[in-house]
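Structural description and commentary
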Amino acid sequence: MRDDCIFCKIAAGEIPSQTIYEDDSYRVILDLGPAAKGHALILPKEHYADIFEIPEEKAGEVFRLAKNMAVKMKAALKCDGFNIVQNNGKVAGQTVFHFHMHLIPRYTDDGQDINWKPGEPTQEELKETADIIRGEI
Ligand code: AMP
Ligand code: ZN
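Residues numbered from 1 in each chain as written. Chains lettered and ligands numbered in written order. Predicted model: local features only at pLDDT ≥ 70, side-chain atom pairs only at ≥ 80, totals over all residues. Heavy atoms only, no water.

**Quick notes on the coordination of the zinc ion (ligand 2)**
Each pair of donors in an ideal four-coordinate tetrahedral metal site encloses 109.5 degrees, whereas pairs in an ideal six-coordinate octahedral site enclose 90 or 180 degrees. Rule in force here: Nitrogen, oxygen and sulfur within 2.8 Å of a metal are treated as its donors, or within 3.2 Å for sodium, potassium and calcium (Na, K, Ca); water is not counted, so a site can appear incomplete. Each label reflects the angles at the metal, where four donors whose angles all fall between 85 and 135 degrees are tetrahedral, four or six donors whose opposite pairs open beyond 155 degrees and whose other angles stay between 65 and 115 are square planar or octahedral respectively, and the rest are irregular. Between buried and exposed lies partly exposed: a residue is buried under 20% and exposed over 50% of the maximum accessible area for its type, with that area taken using a 1.4 Å probe on protein chains only.
For the zinc ion (ligand 2), the protein coordination sphere consists of Cys-5 (SG), Cys-8 (SG), His-47 (ND1) and His-98 (ND1), at 2.0 to 2.3 Å. For the zinc ion (ligand 2), the 4 donor atoms are set out with angles of 104 to 116° between them, so the coordination reads as tetrahedral. If you list the donors of the zinc ion (ligand 2) from N- to C-terminus, the spacing comes out as C-x2-C-x38-H-x50-H. Across the pair, exposure class does not vary: Cys-5 and Cys-8 are buried alike.

Here is the structure:
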């Protein structure tokens with residue numbers, strides 16, 4: 001637990017939140033600035049800054065929880081789709097540096113645009129990139 005981390009405090013229950021699920025290791029809360037109704041955040045109770053710090057096993061647990069929450073939230077909210085988003089680093093849009101996963105119910109005509117501008121690489125460029133990554137695996 002970090003004294004200077006707001007998500008540590010929320011996860012520990014020291015700062016109130018709209019909690020929709022809690023167990024020994026995780027708290028799932030409603031986002032204060034939702035992209036759509038029901039937008040929630042999975043917070044591990046232990047502090048990890050991002051996907052690079054969180055242990056592999058924990059990362060797997062988070063996704064298992066995301067799956068279960070998505071099923072329950074879809075039934076409760078009757079949403080039409082669902083985005084799962086997880087930002088790492090300022091350049092990637094992370095603003096709170098305590099690992100969290102966004103669960104975003106989507107509704108037809110909700111007016112949100114969670115997307116990117118597609119690039120147009122050549123096959124050669126794709127191969128070059130794949131080679132760089134494969135070299136590390
Ligand atoms: P990210 O940009 O991926 O780091 O996401 C941070 C998210 O946390 C944003 O969607 C914020 O709206 C949300 N947020 C920030 N502070 C709080 C808070 N105190 N309670 C609930 N959600 C928060
Ligand atoms: Zn923290």
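**Comments concerning the side chain of His-39**
Applied cut-off: Helix numbers and strand numbers start at the N terminus; a helix is a DSSP run of H or I with at least 4 residues, a strand a run of E with at least 2. Identification of polar contacts relies on pairs of N or O atoms within 3.5 Å, with a donor-acceptor requirement for protein atoms, meaning one able to donate a hydrogen and the other able to accept it, and with residues adjacent in sequence counted only if both atoms are side-chain atoms. Working rule for contacts: check all heavy atoms of both residues, and any pair within 4.5 Å makes them a contact.
Mapping His-39 onto the fold places it in the loop between strand 2 (26-30) and strand 3 (40-44). Taking the relative accessible area as the measure of exposure, His-39 reaches 5% and is therefore buried. Of the polar contacts made by the side chain of His-39, one reaches the backbone nitrogen of Ala-35; its length is 2.9 Å. Of note is the side chain of His-39, whose polar atom sits 2.8 Å from the side chain of His-102. With near-sequence residues (within four places) excluded, His-39 lies in contact with Ile-29, Leu-30, Asp-31, Gly-33, Pro-34, His-102, Leu-103, Ile-104 and Pro-105.

**A few points about a nonpolar patch on the surface**
Note the following rule: What goes into a patch is any residue over 30% in relative accessible area without a salt bridge, connected to like charges within 9 Å or, for nonpolar side chains (Val, Leu, Ile, Met, Phe, Trp, Tyr), within 5 Å. The method behind every accessible area is Shrake-Rupley, applied with a 1.4 Å probe, and residues are considered shielded solely by the protein chains displayed. Only one rule defines a salt bridge in this text: a Lys or Arg side-chain nitrogen within 4 Å of an Asp or Glu carboxyl oxygen.
A grouping of Ile-132, Ile-133 and Ile-137 is seen on the molecular surface, where their side chains present a nonpolar patch of about 380 Å² in accessible area. By the secondary structure assignment, Ile-132 is in helix 3 (residues 123-134). Judged by relative accessible area, which is 61%, Ile-132 ranks as exposed.

**Description of the site of ligand 1**
Spelled out, the test is: Nearness here has a simple test: a residue counts as near a molecule or strand if at least one of its heavy atoms is within 4 Å of that partner. Here a cavity denotes a set of grid points, spaced 1 Å apart and computed over the protein atoms alone, in which a 1.4 Å probe fits but from which it cannot get out, and a pocket denotes an open set meeting protein on both sides within 12 Å along at least five of seven lines; residues with an atom within 4 Å of a point are reported as lining. For a molecule to be placed in a cavity or pocket, more than half of its atoms must lie within 2 Å of the grid points of that cavity or pocket.
Taken together, 16 residues surround ligand 1, and among them Asp-31, Gly-93, Thr-95, His-100 and His-102 come closest. Asn-87 is positioned with one of its side-chain polar atoms (N or O) 2.9 Å from an oxygen atom of ligand 1. Between ligand 1 and His-102 there is a distance of 2.8 Å, counted from an oxygen atom to a side-chain nitrogen or oxygen. Relative to its free-state accessible area of 510 Å², ligand 1 is covered by the protein chains to the extent of 79%. Applying the majority rule of atoms within 2 Å of the grid points places ligand 1 in the largest pocket. Elements represented by at least two residues in the shell around ligand 1 include exactly helix 1 (6-11) and strand 2.

**With respect to the layout of surface pockets**
Filter applied, for reference: Grid points are joined across faces, edges and corners, and a volume is the space filled by probe spheres set on the points. In this classification, the charged set is Asp, Glu, Lys and Arg, the nonpolar set is Ala, Val, Leu, Ile, Met, Phe, Trp, Tyr, Cys and Pro, and all remaining amino acids, among them Gly, are polar.
Estimates place the volume of the largest pocket at around 250 Å³. For the largest pocket, the lining is made up of 17 residues, of which Phe-7, Ile-29, Asp-31, Leu-32 and Leu-41 are closest to its centre. Elements that contribute at least two residues to the lining of the largest pocket include exactly helix 1 and strand 2. Tallied by class, residues from the lining of the largest pocket come to 8 nonpolar, 8 polar and 1 charged.

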